[in-house]
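Each chain is listed here by its residues.
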Amino acid sequence: MDFDAFRELLTPRGLRALGEAEELVGADPVVAATKLRRTYDAALTSAALTQAGLRDRARAKFGADAGLMYFTPHGLEQATRAEVAEHRARRLAAGPGLRVVDACCGIGGDLVALARAGCTVDAVDTDPLTVAVATANAEALGLADRVTVTLADAASVVPEAYDVLFADPARRTSRGRTFDPLAYSPPWPVVLELVSRSHRACLKVAPGIPYEFIPDAAEAEWVSYRGDVKEATLWTGGDEERTGRRATLLPGSHTLAATGVRAATGPVGRYVYEPDGAAIRAHLVGEVAELVRGRLPDPMIAYISGDEPIDTPWAARYEVDEVLPFSLKRLRTALRDRQIGNVTIKKRGSAVDIERLRRDLRLSGVKSTVIILTRIMDRPSVIICNPSPPA
């Protein structure tokens, strides 16, 4: 998106163009552009249509606020979902009045949540357009008195001058998304140097961050929203002890902390439990097994089995119909005998190609079931089962 065209979007004429563009969301792109070009120049037309499309996509993350906010494509992709940012801001700002420095603010999703939680936020970013967008968002949401956004490098931040350092390093390069913290922007060593000088720090990172990059003195929290692991947050400093691992489920703010419990191993029982991804990332499978009074059919695989239908937000439950050694012929026969025409296929610890298996099963029945491809005591196995929702 062009910087000058974005600035024009903020003028009365630009706002009119954006309003008209929002009414055309979903229309044929050529038709929409042709209609706007009758009144506006090409640059403003393109900016308005792009922004209208981004606002429409952003509703999934920002709800009603999306209709007032501004976005860039990359900024929207990396922006924190509002519910996740609000959870983090609530945990960070136990009381109002904290001064926070946001070392790489992006389009401002987190600084909005922090400001709404009562914090005063000084934010920086290295991209002029991103700074303009974050500033516009603070103004559009009525938070300009709590937020200042400046064009600067994260390395120039002085964390000692603030109560809290917040950082969400960019995880994209010119080649696309990166999973290597050393390729973050700013790079991981720069982030850790800022953390070392801060009173308290809160770092948003990818949920798949390699564990060796997590500082020993940090608490690592993995956050799942409606069953989808969204991010990890690293917490350091403050009056609380900041070590260990935890997982959080949203909505509902269910939290599970590491206790060191180890799950027993044993045979598949009447039920199989599939832990939430946040618990798996946080290495809390043993804690989930304890909640459901279960055991691991294989010590290296994050499926839990038990004999009781225990309800928990931490795992989906399936009632076991049959357990078989994996064999395409035996599985096909078992499903045909059950008149299965539709299967949900899950796998963990299996090299089987799901789509090829689906084709090879040649299903033709009228019923549905779930099959779990896994290992049981290191043997390829399949569990035929059905969802067992909470009572």
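Residues numbered from 1 in each chain as written. Predicted model: local features only at pLDDT ≥ 70, side-chain atom pairs only at ≥ 80, totals over all residues. Heavy atoms only, no water.

Please give an account of the overall build of the protein chain that cites residues and values.
Helix and strand counts for the protein chain come out as 13 helices and 17 strands. Looking at the protein chain as a whole, 49% of its 391 residues qualify as buried. In the protein chain, of all internal contacts separated by at least 6 residues, the share reaching a separation of at least 24 is 68%. Carbon together with sulfur atoms contributes 51% to the accessible area of the protein chain, which is approximately 18,400 Å² in total. Positive and negative side-chain charges in the protein chain, numbering 50 and 51 respectively, have mean positions lying 7 Å apart. (Helix = DSSP H or I, 4+ residues; strand = E, 2+ residues; numbered from the N terminus. Buried < 20%, exposed > 50% of the residue type's maximum accessible area, 1.4 Å probe, protein only. Contact = heavy atoms within 4.5 Å. Areas by Shrake-Rupley, 256 points an atom, 1.4 Å probe, with all protein chains shown as cover. Lys, Arg positive; Asp, Glu negative; His and termini not counted. Charge placed at Lys NZ, Arg CZ, Asp CG, Glu CD.)

Describe the pairing of strand S12 (residues 271–275), with residues and values.
Within S12, 5 of the 5 residues are buried, leaving the element largely enclosed by the surrounding structure. In S12, alternate side chains face the same way, and those of Tyr271, Tyr273 and Pro275 on one face and Val272 and Glu274 on the other are all buried. Of the pairings in the sheet, the one linking S12 to strand S13 (residues 304–306) comprises 3 bridges and is antiparallel in character. Directly across from Val272, in S13, lies its bridge partner Ser305. Of the pairings in the sheet, the one linking S12 to strand S14 (residues 315–325) comprises 5 bridges and is antiparallel in character. (Pairing = 2+ DSSP bridges.)

Residue-level account of the nonpolar core, with values.
Phe62, Phe71 and Leu111 are the most contacted members of the largest nonpolar core, which totals 55 residues. When residues no more than four places from it in sequence are discounted, the contact partners of Phe62 are Met69, Phe71, Leu76, Ala79, Thr80, Ala82, Ile107 and Gly109. Among the nonpolar cores identified, the runner-up in size contains 47 residues, and Ala201, Ala220, Val229 and Ala315 belong to it. (Core = buried A, V, L, I, M, F, W, Y, C linked by side-chain atoms within 4.5 Å.)

So what's going on with the sheet that holds strand S17 (residues 379–387)? Residues and values would help.
One open sheet holds the 6 strands; their spatial order is S13-S12-S14-S17-S16-S15, and the pairing between them is mixed. At either end of the open sheet lies a strand with only one pairing partner, and these are S13 and strand S15 (340–347). Across the sheet, the axes of successive neighbouring strands diverge by a mean angle of 40°, strand direction being ignored. Inspection of the sheet shows strand S16 (residues 367–376) paired to S17 by 7 bridges, in the antiparallel sense. Pairing of Ile376 across the sheet is with Arg379, part of S17. Sheet strands in contact with helix H13 (residues 354–361) are S15 and S16, and its direction is about 155° off that of S15. (Axes fitted to C-alpha atoms, helices over the stretch in contact; angles between N-to-C directions.)

Help me get a handle on the side chain of Glu231, residues and values and all.
As for its placement among the helices and strands, Glu231 is situated in strand S9 (residues 228–237). Other than its neighbours up to four places away in sequence, Glu231 contacts Thr80, Val84, Arg88, Lys204, Val205, Pro207, Glu221, Trp222 and Val223.

Give me the lowdown on the pairing of strand S7 (residues 200–205), citing residues and values where you can.
With 6 of 6 residues buried, S7 is to be regarded as a mostly interior element. Across 3 bridges, the pairing between strand S4 (residues 164–167) and S7 is parallel. Following the sheet pairing, Phe166 is matched in S7 by Cys202. Pairing between S7 and S9: 6 bridges, direction antiparallel. Looking across to S9, one finds that Arg200 is bridged to Gly237.

Account for the side chain of Asp125, naming residues and giving values.
Along the chain, the position of Asp125 falls in strand S2 (residues 120–125). Among buried Asp, Glu, Lys and Arg side chains, Asp125 stands out as unpaired, with Arg171 the closest opposite charge at 11 Å. One polar contact links the side chain of Asp125 to the main-chain amide nitrogen of Asp127, over a distance of 3.1 Å. In this structure, Asp125 is in contact with Cys104, Cys105, Gly106, Thr130, Val131, Thr150, Leu151 and Ala152, ignoring residues within four places of it in sequence. (Salt bridge = Lys/Arg side-chain N within 4 Å of Asp/Glu carboxyl O. Polar contact = N/O pair within 3.5 Å; in protein donor to acceptor, adjacent residues only side chain to side chain.)

Pulling in residues and values, what's your account of the packing of helix H12 (residues 328–337) against H13?
Following both chains from N to C, one finds H12 and H13 inclined at 60°, their axes separated by 10 Å at the closest point. The angle between H12 and H13 places the two elements in the oblique class. Between H12 and H13 the crossing geometry is right-handed. Residues Leu328, Leu331, Arg332 and Leu335 of H12 pack against Leu357, Asp360 and Leu361 of H13. Partitioning the contact of H12 with H13 into residue classes produces 5 nonpolar, no polar and 2 charged. (Parallel < 35°, antiparallel > 145°, perpendicular 65-115°, else oblique. Left-handed = near helix turned anticlockwise from the far one by under 90°. Nonpolar A, V, L, I, M, F, W, Y, C, P; charged D, E, K, R; others polar.)

Geometry only, nothing functional implied.
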